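# Structural characterization, general
Each chain, letter by letter, is given below.
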4 protein chains.
Amino acid sequence: MVKHVTEIRVRYADTDKMQFVYNGKYLEYFEVGRTELLRGTGLPYAELEAAGYQLPLIEAKVRYRSPGRYDDLLQIEAVVDTLRSAKVRIDYRVIRKETEEVIATGYTEHMFINSETKRPVKPPQMYVDALAPYFE
Amino acid sequence: MVKHVTEIRVRYADTDKMQFVYNGKYLEYFEVGRTELLRGTGLPYAELEAAGYQLPLIEAKVRYRSPGRYDDLLQIEAVVDTLRSAKVRIDYRVIRKETEEVIATGYTEHMFINSETKRPVKPPQMYVDALAPYFE
Amino acid sequence: MVKHVTEIRVRYADTDKMQFVYNGKYLEYFEVGRTELLRGTGLPYAELEAAGYQLPLIEAKVRYRSPGRYDDLLQIEAVVDTLRSAKVRIDYRVIRKETEEVIATGYTEHMFINSETKRPVKPPQMYVDALAPYFE
Amino acid sequence: MVKHVTEIRVRYADTDKMQFVYNGKYLEYFEVGRTELLRGTGLPYAELEAAGYQLPLIEAKVRYRSPGRYDDLLQIEAVVDTLRSAKVRIDYRVIRKETEEVIATGYTEHMFINSETKRPVKPPQMYVDALAPYFE
């Protein structure tokens, strides 16, 4: 299992007139979570792209448990718990740091594609190698 | 059942460097779909808010079936198929108009809250009255 | 002079906790204005890109005159008043349709670049040809 | 003069199909810059709002000097160089940390308003007190 925690400060731009974080923003927070998880394994997503791979989403789910608010300091916890599968699944928890309250949970599922042909490919060796140490 | 179809043109701002619509944008497209569905019943969401109600999300799911692209004309189909329940569930299909291809599907679940107290309330009568004719 | 007016409905996603349209959103509204202006001349921006050109911004200015609000129907007026110059300048007015109030004004300045090399090029002939009839 | 530098990592969500940071995003980066400048003086913007003030934009300008790219680490430099004036003006420079290249510059002008009445008020004493030490 690979687990990473990143901090994000809620921007004014992220809020809506309900005074809460806009629902679509959590998918952006999830993005930051998985980007930093990958960087933490020593394989920044930008390197995967430079090597000719992309990792688009095939599915995403968010459960909104408590509203995020302007200027909240959030912890984005991202977890990958399967290494060898055609799909990459990442689970997330968004936690308000001050109160330790879980304000959202969810997951994203991804498939590797060749960035030129945009066709599915199996997880590249550089990805498997970067994550393997966490699964031993 | 209430069903509504709205058209949206994909903006440059909606795309990302993968050349596709950014994954989080679909939740914004869903928003437009349900907003226009409500307007179509004669009850704009702004009136619900003016009457003291808000309708935050409690859950959202998106399945990405095919990439949306810049300048695509999209049809956002929104469907409500249950009238009397504490939760409001809306199902969506996003269709590329030119090719009639379904590029994303998903749903959102909502709960009515009092906009002052931010506490859950049952679906207001004005909402039930607006949608009831479609369920007869 | 080429002038085009497009309508946009303010989304919940566009608002922030101040209850107004977020300041950065106006640049997105300007984008829609110039996209539809180009489409109106018979030359969609997507065709310019397909021909190997891009039109990034070199400068943008917004004056916020009155707040935009959720569900406002806005008219985005876009004007190009010079045809032959290295820079393309577009002026905008954002008008709340119901009250005819000008809520924002501004401009964007652009330069054509070759989409492969990302280097500046002079305005392509297809662009000059599309706009020329409006300057006669 | 008050000056503050904040770091931001460019998100995938921030990019567009031109492979660069979307033009409207810089206004969001400016927001982060001024938010952290205020926090640095000991007066978080959230406290100003809690005290009944808001600070909407009246004008914004961005000059795009070089494209920002995915995963760039950016430094957002924000400067306030006048203390006692009805308008608050903040100047920004966005710098790509790795190359020290200035990729964008600009400013925002703001006016304090009462958050209930939404009417202009003079800069509140708590704001003047927080910034005064930097102008001595």
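Here, the structure is the one placed above.
## As for the overall build of chain A
- When helices and strands are counted, chain A shows 3 helices and 7 strands.
- Traced from its N-terminal end to its C-terminal end, chain A shows the element sequence β-α-α-β-β-β-β-β-β-α.
- Against the globule reference of 14 Å for 136 residues, chain A gives a C-alpha radius of gyration of 16 Å, in line with a compact fold.
- Dimensions of chain A along its principal axes, counting C-alpha atoms only, are 45 × 35 × 20 Å.
- The proportion of buried residues among the 136 residues of chain A is 40%.
- Counting contacts in chain A only where the partners sit at least 6 residues apart, residues at least 24 apart contribute 68% of the total.

## Considering the interface of chain B and chain D
- Contact residues are listed per partner, giving 9 residues for chain B and 9 residues for chain D.
- Residues of the side of chain B that touches chain D, tallied by class, amount to 4 nonpolar, 3 polar and 2 charged.

## Some remarks on the interface of chain B and chain A
- Taken together, the contact pairs 16 residues of chain B with 16 residues of chain A.
- If you tally residues by element for the side of chain B that touches chain A, the top one is strand β3 (residues 57–64) of chain B, at 8 residues.
- Classifying every residue of the side of chain B that touches chain A gives 9 nonpolar, 3 polar and 4 charged.
- Across 5 bridges, the pairing between strand β3 (residues 57–64) of chain A and β3(B) is antiparallel. Among the inter-strand pairings, E59(A) is bridged to a residue of β3(B), identified as R63(B).

## With respect to the relation of the copies chain B and chain A
- Superposition record for chain B on chain A: RMSD 0.0 Å, screw rotation 180 degrees, translation along axis 0.0 Å. The superposition operator between the copies reduces to a two-fold rotation axis. Closest approach to the rotation axis among the C-alpha atoms of chain B is made by K61(B), whose C-alpha sits 2.2 Å away.

## Points about the pairing of strand β5 (residues 87–96) of chain A
All names here are of chain A.
- Pairing of strand β4 (residues 73–80) with β5, which is carried by 6 bridges, proceeds in the antiparallel orientation. Looking at β5, one finds that Q75 is bridged to I95.
- In this structure, the hairpin formed by β4 and β5 is closed by a connection of 6 residues.
- With 10 bridges connecting them, β5 and strand β6 (residues 101–111) associate as antiparallel partners.

## Brief notes about unusual backbone geometry
- You will see that E100(A), though not glycine, has its phi angle at about 60 degrees, which is positive.
- Assignment of secondary structure puts E100(A) in the loop between β5 and β6.

## Side note on helix α1 (residues 25–40) of chain C
Residue and element names in this part refer to chain C.
- With 16 residues, α1 should cover 22 Å at 1.5 Å per step; its first-to-last C-alpha distance of 23 Å lies within 8% of that length.
- Most of α1 is tucked away, with 12 of its 16 residues classed as buried.
- Note on α1: the residue one or two positions beyond its end, G42, has a positive phi of about 95 degrees.

## Some remarks on the relation of the copies chain B and chain D
- Each copy of the sequence occupies a distinct position, and chain B is placed on chain D by a rotation of 180 degrees and an axial shift of 0.0 Å, giving an RMSD of 0.0 Å.
- When the interface residues of chain B are mapped onto chain D, 100% of them are again interface residues, pointing to one common binding face.

## Remarks on the sheet that holds strand β5 (residues 87–96) of chain D
- In space, the 10 strands of this open sheet follow the order β1(C)-β4(C)-β5(C)-β6(C)-β3(C)-β3(D)-β6(D)-β5(D)-β4(D)-β1(D), with antiparallel pairing throughout. Edge positions in the sheet fall to β1 (2–9) of chain C together with β1 (2–9) of chain D, since each of these pairs with one other strand and no more. Averaged over all neighbouring strand pairs, the angle between strand axes comes to 15 degrees, with direction disregarded.
- As judged from the 8 bridges shared by β1(D) and strand β4 (residues 73–80) of chain D, these two strands associate in the antiparallel manner. Residue pairing for β4(D): H4(D) is matched across the bridge by A78(D).

## Points about the sheet that holds β4(A)
- With respect to topology, 10 strands assemble into an open sheet ordered β1(A)-β4(A)-β5(A)-β6(A)-β3(A)-β3(B)-β6(B)-β5(B)-β4(B)-β1(B), the strand pairing being antiparallel. Each edge of the open sheet carries a strand with a single partner, namely β1 (2–9) of chain A together with β1 (2–9) of chain B. Pairwise comparison of adjacent strand axes, ignoring direction, gives a mean angle of 15 degrees for this sheet.

## Quick word on the pairing of strand β3 (residues 57–64) of chain C
- Pairing of β3(C) with strand β6 (residues 101–111) of chain C involves 7 bridges; the strand directions are antiparallel. Counted as the bridge partner of E59(C) is E109(C) from β6(C).

## Some thoughts on the environment of D81(A)
- Within the secondary structure layout, D81(A) lies in the loop between β4 and β5.
- Residues D81(A) and K3(A), 78 residues apart in the sequence, show an inter-C-alpha distance of 8.4 Å.

What counts and what doesn't
- Residues numbered from 1 in each chain as written.
- Chains lettered and ligands numbered in written order.
- Predicted model: local features only at pLDDT ≥ 70, side-chain atom pairs only at ≥ 80, totals over all residues.
- Helix = DSSP H or I, 4+ residues; strand = E, 2+ residues; numbered from the N terminus.
- Rg over C-alpha atoms; globule rule 2.2 N^0.38 Å.
- Buried ≥ 20, exposed ≤ 12 C-beta atoms within 10 Å, placed from the backbone.
- Contact = placed C-beta atoms within 7 Å.
- Nonpolar A, V, L, I, M, F, W, Y, C, P; charged D, E, K, R; others polar.
- Pairing = 2+ DSSP bridges.
- Least-squares fit on C-alpha atoms with pLDDT ≥ 70 in both.
- Expected span 1.5 Å × (residues − 1).
- Axes fitted to C-alpha atoms, helices over the stretch in contact; angles between N-to-C directions.

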